Structure formats: structure tokens, C-alpha cells
Amino acid sequence: MEYRTFGRSGWKVSEIGFGGWQLGGTWGKVDDNNSIETLLYAFENGVNFVDTAFAYGNGHSERVIGKALNHWSSGKIYVATKITPIMDKSKSLNLDNNPSIKDCYPNWHIREIVEGSLKRLGVEQIDLLQLHLWFEDGIINLEWLETLNELKKEGKIDKIGVSLADIRPNQGLELAQKGLVDSIQVLFNMFEQEPADSLFPESYKTGTAIITRVPLDSGALTGTWSENTITQWAESDKRRLMYRGNRFKETLERVEKLKKLCKPFYPTLAEAALRYSLYPKEVAVVIPGMRNKQEVDLNLAISDGNNFNNELVEILRPYRWKHEFYN
């Protein structure tokens, strides 16, 4: 396992972290005991960073991770979780409506979620507490940051981060430039290449750590899907909604093009995609989801110190695809 410096924090984190969304049950049925075994197996093999959120199954992912941490005593595991924004029922979380950060993260709400997360995770301090969505007036209205800094003084959280909405990396540019938080989490993969244009360089200047998520584009970039794959997902599986209509067909067509481009360089599209997610020097950690030990092995195999092929980076530039499948 290779390790990278987590921004200005000085932490040394495994470049492959453990994304915990699937542990909450949103991406199909999960077995908690298997999830705990998978987490512990990842820890045993060098993973020391795990990312979760209250929103992942209304705290279920946090509880599962907490149980795994309770069984672990061999080394530091950095735990990152997130505060889900609160909105009035008459309002929408559509960022185009310009909701105010004051409405989304009031003091009482931040404290309530943090206290719950501490209990569910079974820890005395959360290593990294992130806002699950960023609202750009947060640069001016700093009550959210004041509350989080109070929680730091109380010893309940250590570092502060923000998780940006999908396909909106430039929303975090000013946040990165001002260095207000310790980390920024963003979607980045072969399709969603935009963060590398400006967000990554600006974050690097201020020592803001970058966490990249969805390196395999919710499974599409594994290269294992076929025309029938969508029919194998349960009706409750989030991917059913994401890839409705013509989305699944269009995604497959684009994936086939990427397979051909990557074949001369890497044996599988999945390996190429994972390695791509780590190629920018600004990235501290990528957090793919892992359902079992086999997936842990596949993900960790690419953490071998070998740099992504620069020629392929240039070849892939014209194939960027800005798409939103979570609406």
C-alpha cells in the first residue's frame, strides 16, 4: 500500500480508502457481518482511511463501521463522515435555487448530527467532519465554520472538510483558494475530468487535501456491464433510478470506447480507471466502495507506486463526459 500526505494535516493516509456508501444498503442488499469482515480485511491490508455519512442508510453505514472499529486495535484508522444538510419542506436542495447555508446547517443541526455520529461510530473524536453539500454563500456566512471550530475545541472533531455536489467542482474554487477547510471531496474519474482543470491546482496551493470519489462511475467503469446488467439490479437499487431511460445504453456505448482506448495500456478498464483516479499529484485519497474481500484485493492491487501512463491521460481528454445521474 502506498501512502500520501493528507493536505496540510500531515496525516499519512492510504491512497486507496474505503468508501462506505454501499454499507448503508442504498446500492442493493448488504449483509452487515460481511461488511464488517470486508472492512477489517481492508484495514489488515493497509487501508487506514474510511469515508461515510449519516445519509448512508440514516446512519447505518456509520454503525457498521463503528462495529468494525470496535474489533480493530492494530493501528490508526482515519474516519471521515458527513453532515446532511437540513432544508425546509417547502424548499428544494436543487443548488440552482441558491439555498442559504444558514438554512442548511444551523448550529443545532450540526451538533445533533455530530453527537449521533460519535455514538454510531463509537469514537470519542471524528477525524474528519465534512459538510455533505456546499452552498457558496458559506464563504461569507461563516456560522457553520464557527460551530465546527467550537466542536474542534471541545475535542469532538479534528479536521473540517466539504463534500462538493456531483459535476460541480468549480463550486469549490473559492473555498479552496481561501483554504477555509482541511479537505474537499469531489467526484473525479475518466468521464468527470473537470476537477483537474482548476480545483485541484487551487487546492494544492492552500494545502487543502483532495478526496476523490466514484472512480468507477458507480460501476460503469469496471467494464463488466452488459446490456442485461440493469435487469439484475433490485428495484430498490439506486442504480435503477440513475440509469433509467436511455442513460444505461448511452453509458455502455461510451464505456466501450474507453475500453478500446485503454486496452493497449492496461489489461482491464477497471484497473485503468482506478489508476486514473490517482494520477493527479493533488489527490490524497480515492474512496471506491468495496463489498467483499475480492473487491478489496482488486482495488488495493493498483496501489503499487506505478504512475498512470501520461500518454493515456492525453488520449482520454476528449472523452470527458459531464453527466448527472443522481437526479
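The rules behind the values
Residues numbered from 1 in each chain as written. Predicted model: local features only at pLDDT ≥ 70, side-chain atom pairs only at ≥ 80, totals over all residues. Heavy atoms only, no water. Helix = DSSP H or I, 4+ residues; strand = E, 2+ residues; numbered from the N terminus. Rg over C-alpha atoms; globule rule 2.2 N^0.38 Å. Buried < 20%, exposed > 50% of the residue type's maximum accessible area, 1.4 Å probe, protein only. Contact = heavy atoms within 4.5 Å. Pairing = 2+ DSSP bridges. Axes fitted to C-alpha atoms, helices over the stretch in contact; angles between N-to-C directions. Salt bridge = Lys/Arg side-chain N within 4 Å of Asp/Glu carboxyl O.

**Here we look at the overall build of the protein**
Working step 1: Along its length, the protein carries 12 helices and 10 strands.
Working step 2: Taking 2.2 N^0.38 as the reference for a compact globule, 327 residues should give roughly 20 Å; the C-alpha atoms of the protein span a radius of gyration of 19 Å, in line with that estimate.
Working step 3: Expressed along its principal axes, the backbone C-alpha trace of the protein runs to roughly 55 × 45 × 40 Å.
Working step 4: Looking at the 327 residues of the protein, the share that counts as buried comes to 56%.
Working step 5: Across the protein, every contact between residues at least 6 apart in sequence was considered, and the portion connecting residues at least 24 apart equals 77%.

**Considering the sheet that holds strand E7 (residues 157-163)**
Working step 1: Read from one edge of the open sheet, eight strands run E3-E4-E5-E6-E7-E8-E9-E10, paired in parallel fashion. The open sheet has two edge strands, strand E3 (18-19) and strand E10 (283-286), and neither has a second partner.
Working step 2: Examined bridge by bridge, strand E5 (residues 78-83) and strand E6 (residues 126-131) share four bridges and lie parallel to one another. Paired with Ile83 across the strands is Leu131, a residue of E6.
Working step 3: Contacts from helix H4 (residues 107-121) reach E5, E6 and E7 within the one sheet, and its direction differs from that of E5 by about 145°.

**Examining the pattern of salt bridges**
Side-chain pairs of opposite charge can arise where the charged atoms are in close proximity.
Working step 1: If you walk through the whole model with that rule in mind, you get 22 salt bridges.
Working step 2: One salt bridge in this structure joins Glu250 and Arg254, with 3.3 Å as the shortest N-O distance. Of this pair, Glu250 and Arg254 both sit in helix H9 (residues 247-262), four residues apart, which is roughly one turn of the helix.
Working step 3: Taken together, the salt bridges that share partners define one network made up of Arg111, Glu115, Glu150, Glu154 and Lys156.

**Focus: the environment of Arg291**
Working step 1: Within the fold, Arg291 resides in the loop between E10 and helix H11 (293-300).
Working step 2: On the basis of relative accessible area, Arg291 is assigned to the partly exposed category, the value being 27%.
Working step 3: Residues Arg291 and Glu136 lie 155 residues apart in sequence; the distance between their C-alpha atoms is 34 Å.

**Focus on unusual backbone geometry**
Working step 1: Even without a glycine there, the phi angle at Val214 is positive, about 55°.
Working step 2: The residue Val214 is located in the loop between strand E9 (209-213) and helix H8 (238-242) in this model.
Working step 3: Even without being glycine, Ser218 reaches a positive phi, approximately 60°.
Working step 4: One can find Ser218 in the loop between E9 and H8.
Working step 5: With relative accessibility at 17%, the residue Ser218 sits in the buried group.

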